[in-house]
Amino acid sequence: MSKRWYVVHTYSGYEKSVKTDLEHRIETMGMQDRIFDIEIPTESVTEIKEGGKRETKDVKIFPGYVLVRMEMDDDAWTCVRNTPGVTGFLGANGKPSPLSRDEYNKMMRRSKKGDAPKRTAVGLEVGTSVRVTSGPLADFDGQVAEVNAESGKVKVTLVIFGRETPVELGFDQVAIIS
């Protein structure tokens, strides 16, 4: 038997309690030699609140899913499957399918401690009035023309020398004008 990662489906919002309950079940059922790790894939997200305040928190990348590293056999399957909040394993034809190393690495692409957050969630929408807070255009006011959450950039139309000029800025370079 080899140690492989499996995807376990849970009720959405119950990932942490499933992890805690499963850790307890592993201990009480003596399954430490067959079930090794439990991971909830997360990433750091910075939200920009009113007044430009930033709040960083970890959010689940795949709500409703938990990764379990285990040696699959009937007892280990039963231990995991009968954990409260677990609805089943991901796989074809009712059989749990292990993740490849590549799939696992992609799912666990979360930011390491000390890295900059991977994403930023913002209350910025097209038409929102903003002030540039840093860089050579600091203190200019403008309107959001485009928001690209994937790249963490926002296109803002500023009036420079009497002309409307579109500029691309990072989310961290603008603050919403209340």
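Residues numbered from 1 in each chain as written. Predicted model: local features only at pLDDT ≥ 70, side-chain atom pairs only at ≥ 80, totals over all residues. Heavy atoms only, no water.

Read across the sheet, 4 strands follow the order β2-β5-β1-β6 without closing on themselves; strand pairing throughout is antiparallel. Strand pairing shows two members of the sheet lacking a second neighbour, β2 (35-39) and β6 (86-89), which therefore form its edges. Within the sheet, the average angular offset between the axes of one strand and its neighbour, ignoring direction, is 30 degrees. Seen against the sheet, helix α1 (residues 15-29) touches β1 (4-10), β2, β5 (65-70) and β6 and runs at an angle of roughly 165 degrees to β2. Contacting β1, β2, β5 and β6, helix α2 (residues 74-81) runs over the sheet at an angle of about 145 degrees to β6. (Pairing = 2+ DSSP bridges. Helix = DSSP H or I, 4+ residues; strand = E, 2+ residues; numbered from the N terminus. Axes fitted to C-alpha atoms, helices over the stretch in contact; angles between N-to-C directions. Contact = heavy atoms within 4.5 Å.)

All right, on to the packing of aromatic side chains then. Scanning all chains against the criterion turns up 3 aromatic pairs. Considering the side-chain rings of Trp5 and Tyr104, the 4.6 Å spacing of their centres and the 15 degrees angle between planes classify their relative orientation as stacked. In this pair, Trp5 is assigned in strand β1 and Tyr104 in helix α3 (residues 101-107), connecting sequence segments 99 residues apart. One exposure class covers both Trp5 and Tyr104, and it is buried. Ring centres 6.3 Å apart and planes at 85 degrees place the aromatic pair Tyr6 and Phe89 in the edge-to-face group. Of this pair, Tyr6 sits in strand β1 while Phe89 sits in strand β6, and the two are 83 residues apart along the sequence. An identical accessibility class is assigned to Tyr6 and Phe89; each is buried. The ring of Phe36 has Lys3 lying over it, and the distance from NZ or CZ to the ring centre is 4.7 Å. (Phe/Tyr/Trp six-rings, centres within 6.5 Å; stacked < 30°, edge-to-face > 60°. Buried < 20%, exposed > 50% of the residue type's maximum accessible area, 1.4 Å probe, protein only. Lys NZ or Arg CZ within 6 Å of the ring centre and 35° of its normal.)

For the rest of this paragraph, the subject is the pattern of salt bridges. Throughout the structure, instances matching the rule amount to 6 salt bridges. Close ionic contact of Lys60 with Glu15 constitutes a salt bridge, the shortest N to O distance being 3.6 Å. Of this pair, Lys60 sits in strand β4 (residues 54-60) while Glu15 sits in helix α1; the two residues are 45 residues apart in sequence, bridging distant segments of the chain. By relative accessible area, which is 34% here, Lys60 ends up partly exposed. (Salt bridge = Lys/Arg side-chain N within 4 Å of Asp/Glu carboxyl O.)

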